Amino acid sequence: MLDVSDIASGYGETQVLYGLSLKAEPGRVLAVLGRNGAGKSTTLKTIMGLLPLRGGTVSFEGRPISGRTPFDIARMGIAYVPETRDIFPSLTVKENLELAARRFPCPPGGWTMDRAIALFPRLGERLSNGGNELSGGEAQMLAIARALLMNPRLLILDEPTEGLAPIIVRLIHDKLAELKHQGLSMVLVEQNFGFATSLADDVVVVSKGQVVWRGTAAEIRADTEAQHKWLGV
Ligand SMILES: Nc1ncnc2c1ncn2[C@@H]1O[C@H](COP(=O)(O)OP(=O)(O)O)[C@@H](O)[C@H]1O
Ligand SMILES: [Mg+2]
């Protein structure tokens, strides 16, 4: 579904990714793990066209996405929830949701505002609140709901549990499990090993801008040596 092959990327003079390759398969969840600074967020930003590709190829459903704008890539069917969540602070929750719904057509049986609010009832109670009035958990729910309103075939999340209380982490886990159950394909970058491997089917571990381990979630859960070596778990 998503085929990232031998990519190079970085910032200015600094190269961060050195021939990184990974694949996300339809209906499956791929976890991208690795220590802080390994290049996980850089990988996602490069996939989304937020950083220029300096080498290698990225294709989605067989179509190359290199050189396309972030908006075009989103329209092709990939929604991205950045680490920063990027909620519009001066817009209300409702307006944040409407903005996504308006820009992306809803296919039959797709994600509507009502369906997104049914998934996150808390957002329904906060519709008239400003984006800047939300707790961290609410902002993450809004960021995910907004991504779903783009009706993606692939959802990419960068550290969705970062900075959240355990009870909210549990809630986000259950919602993502529900989306997986509905057949949504996902790429999940996470520091929380238990969270990531309980949701994921497939796992890649990134270190110094390359994939150093790949296998299934069950395999890495059983491989304490790999956990220790690459993740410091
Ligand atoms: N905007 C930036 N400008 C320069 N270097 C950056 C920038 N963002 C990240 N980096 C560097 O790129 C490397 C990889 O960062 P990142 O992809 O964010 O890692 P991860 O998400 O795995 O923690 C780090 O060494 C980091 O310092
Ligand atoms: Mg990161």
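The paragraphs below set out a description of the structure included in this document. Note that the structure is a prediction, hence the values are computed from the model and not measured.

## Some details on the sheet that holds strand S10 (residues 210-216)
Ordered in space as S6-S7-S8-S3-S9-S10, the six strands form an open sheet in which the pairing is mixed. Of all strands in the sheet, those bounded by a partner on one side alone are strand S6 (78-81) and S10. The mean angle between the axes of side-by-side strands here comes to 15 degrees, regardless of whether they run parallel or antiparallel. In this structure, strand S3 (residues 29-33) lies alongside strand S8 (residues 185-189), joined through four bridges in parallel fashion. Paired with Leu 30 across the two strands is Val 187, which belongs to S8. Across the sheet, helix H1 (residues 40-47) lies against S3, S6, strand S7 (154-158), S8 and strand S9 (202-207), angled at about 145 degrees from S7, the strand it touches most.

## Here we look at the sheet that holds strand S5 (residues 63-64)
Spatially, the four strands line up as an open sheet ordered S2-S1-S4-S5, and their pairing is antiparallel. One side of each edge strand has no neighbouring strand; the edge strands of this open sheet are strand S2 (14-24) and S5. Note: strand S1 (residues 2-11) against S2, eight bridges, orientation antiparallel. Looking at S2, one finds that Tyr 11 is bridged to Thr 14. Against the sheet, H1 makes contact with S1, S2 and strand S4 (55-60), and its axis sits at roughly 70 degrees relative to S2, the strand it touches most.

## Some points on helix H3 (residues 93-103)
For H3, the set of buried residues is Val 93, Asn 96, Leu 97 and Ala 100. Down the axis of H3, the smallest arc covering the buried residues is 95 degrees, so these residues share one side. Residues of H3 that are exposed and point more than 90 degrees away from the buried face comprise Arg 102 and Arg 103. On its buried face, H3 sits against helix H4 (113-119), helix H5 (121-125) and helix H6 (136-148).

## Quick word on the site of ligand 1
Around ligand 1 sit Tyr 11, Thr 14, Val 16, Gly 34, Asn 36, Gly 37, Ala 38, Gly 39, Lys 40, Ser 41 and Thr 42, and those are all the residues in its vicinity. Looking at side-chain class alone, the shell around ligand 1 contains three nonpolar, seven polar and one charged residues.

## Considering the environment of Gly 163
Considering the arrangement of structural elements, one finds Gly 163 in the loop between S7 and helix H7 (166-181). Sequence separation between Gly 163 and Val 16 is 147 residues; the distance between their C-alpha atoms is 25 Å.

## Some thoughts on the packing of H3 against H6
Where H3 meets H6, the axes come as close as 8 Å, and the angle between the chain directions of the two elements is 25 degrees. When the axes of H3 and H6 are compared, the pair comes out roughly parallel. Our pair here, H3 against H6, has a crossing hand that is right-handed. Between H3, through Val 93, Asn 96, Leu 97 and Ala 100, and H6, the contact on the second element is made entirely by Leu 142, Ala 145 and Arg 146. Counted by class, the contact of H3 with H6 contains five nonpolar, one polar and one charged residues.

## Examining the pairing of S6
Walk down a regular strand and you will see the side chains alternate between the two sheet faces. Residues of S6 alternate between two faces, with Ile 78 and Tyr 80 on one and Ala 79 and Val 81 on the opposite face, all of them buried. In terms of strand pairing, S6 meets S7 through four bridges, oriented parallel. Bridging across to S7, Tyr 80 finds its partner in Ile 156.

What counts and how
Residues numbered from 1 in each chain as written. Chains lettered and ligands numbered in written order. Predicted model: local features only at pLDDT ≥ 70, side-chain atom pairs only at ≥ 80, totals over all residues. Pairing = 2+ DSSP bridges. Helix = DSSP H or I, 4+ residues; strand = E, 2+ residues; numbered from the N terminus. Axes fitted to C-alpha atoms, helices over the stretch in contact; angles between N-to-C directions. Contact = placed C-beta atoms within 7 Å. Buried ≥ 20, exposed ≤ 12 C-beta atoms within 10 Å, placed from the backbone. Arc of directions from axis to C-beta. Near = placed C-beta within 6 Å. Nonpolar A, V, L, I, M, F, W, Y, C, P; charged D, E, K, R; others polar. Parallel < 35°, antiparallel > 145°, perpendicular 65-115°, else oblique. Left-handed = near helix turned anticlockwise from the far one by under 90°.

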